[in-house]
Amino acid sequence: MQNLITLWQALDAKKRAIVAGATIAVFLAVMALARVAGTPGLSLLYAGLQGAAAGDVVAALEQDGVVFEVRGDSIYVETTKRDSLRMVLAAQGLPANSGTGYELLDGLSGFGTTSQMFDAAYWRAKEGEISRTILANPLIRAARVHIAQAPSKPFQSDARAKASITVSTLAGGLPNNQARALRHLVAAAVPGMVPADVAVIDAVAGLLPGEDEAANPDAAGEARAAELRKNVERLLEARVGPGKAVVEVAVDVVTESEAITERTFDPQGRVAISSETESRSGTATQPGGDVTVASNLPEGDAAAGDNGKSENTESREQRPEGVGSQRL
């Protein structure tokens, strides 16, 4: 210790400042290394999220007290907790599956982009836009749309595009009226597509019946039974608790139809069955005056005589009557 004091006293002011600065720098470096060693590593949790989806994820992390860091459009969390956090957020429906829409076309440049590449990007963008519209439904948590464009064949003009929709609902299955609305939505967005060419798949109920299948009596009975079963289970679970009620419903749909034809006779009423009207009229010309030799000549004085005229008119009407009849 005495040697250190002797050395320090032997140094001039400039050397003393250098030694003090170097000592402080080494001390700060050691503290920084210790802090870095004690800070857990951060790994990427999600990237490329939209503003609303990223805000929901950040709010959930803050509520759970998780250490995270936001870098641009990316969210980083501790490496040891990344996988578990993804599972927890997925159970909460986060991040919201919004998909990518027409912004895909912004990254395409005219140079080096073929028509096949542009068509593929266009259909991907359309699928993303339709998925965003479907997610506006409060009953749907996640949605994916797949469009199979019909091949362009010159000798096959009846080829049409087809599509499929996969949805995940928040509670229960998707109602039939909502599935019908989704079919019409996709069919209206794709030229030449009809709602019958769109298949809707629910993550809970599976393939939902189409409009033609809904008209089938068996399918209508099953849909009605499923709806009644769901309503009864909801009422019972509110009383006994979730998962403690089992309900079975069977519905028989009667599709018989009957046509009735009646023919009524009214004896008090008489109407005309037929009407026949005949009318005749005629005019006759008779020569007048005395009959002479000149009247027999083709060109003589016969024209000098007076002519007589007579008219005859005859009219007849027949109206048979009968008993009136009426058919219903």
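So, how was this worked out
Residues numbered from 1 in each chain as written. Predicted model: local features only at pLDDT ≥ 70, side-chain atom pairs only at ≥ 80, totals over all residues. Heavy atoms only, no water. Phe/Tyr/Trp six-rings, centres within 6.5 Å; stacked < 30°, edge-to-face > 60°. Lys NZ or Arg CZ within 6 Å of the ring centre and 35° of its normal. Salt bridge = Lys/Arg side-chain N within 4 Å of Asp/Glu carboxyl O. Buried < 20%, exposed > 50% of the residue type's maximum accessible area, 1.4 Å probe, protein only. Helix = DSSP H or I, 4+ residues; strand = E, 2+ residues; numbered from the N terminus. pLDDT = per-residue confidence, 0-100. Contact = heavy atoms within 4.5 Å.

**Examining the packing of aromatic side chains**
Link 1 in the chain: Counted under the stated rule, the structure contains one aromatic pair.
Link 2 in the chain: Ring geometry for Y122 against W123: centres 5.5 Å apart, planes inclined by 70°, an arrangement best described as edge-to-face.
Link 3 in the chain: Above the plane of the ring of Y76 lies R71, whose end atom (NZ or CZ) is 4.2 Å from the centre.

**Points about the pattern of salt bridges**
Link 1 in the chain: Scanning the model with the defined rule gives five salt bridges in all.
Link 2 in the chain: A salt bridge links R71 to E69, with the nearest nitrogen and oxygen atoms 3.2 Å apart.
Link 3 in the chain: E69 gets classed as partly exposed once you look at its relative accessible area, which sits at 32%.
Link 4 in the chain: The salt bridge partner of R132 is E129, with a shortest N-O separation of 3.4 Å. Taken together, the residues R132 and E129, both in helix α5 (residues 115–134) and three residues apart, mark about one turn of the helix.
Link 5 in the chain: Classification of R132 by relative accessible area gives partly exposed; the value is 26%.

**Thoughts on the confidence of the model for the protein**
Link 1 in the chain: Averaged over all residues, the pLDDT of the protein equals 76, while 71% of them reach at least 70.
Link 2 in the chain: Ranking the helices and strands of the protein by mean pLDDT puts strand β6 (residues 198–202) first, with 90, and strand β11 (residues 321–327) last, with 46.
Link 3 in the chain: For the stretch residues 322–328, pLDDT sits under 50, and the model shows 23 contacts to residues farther than four places along the chain or on other chains.

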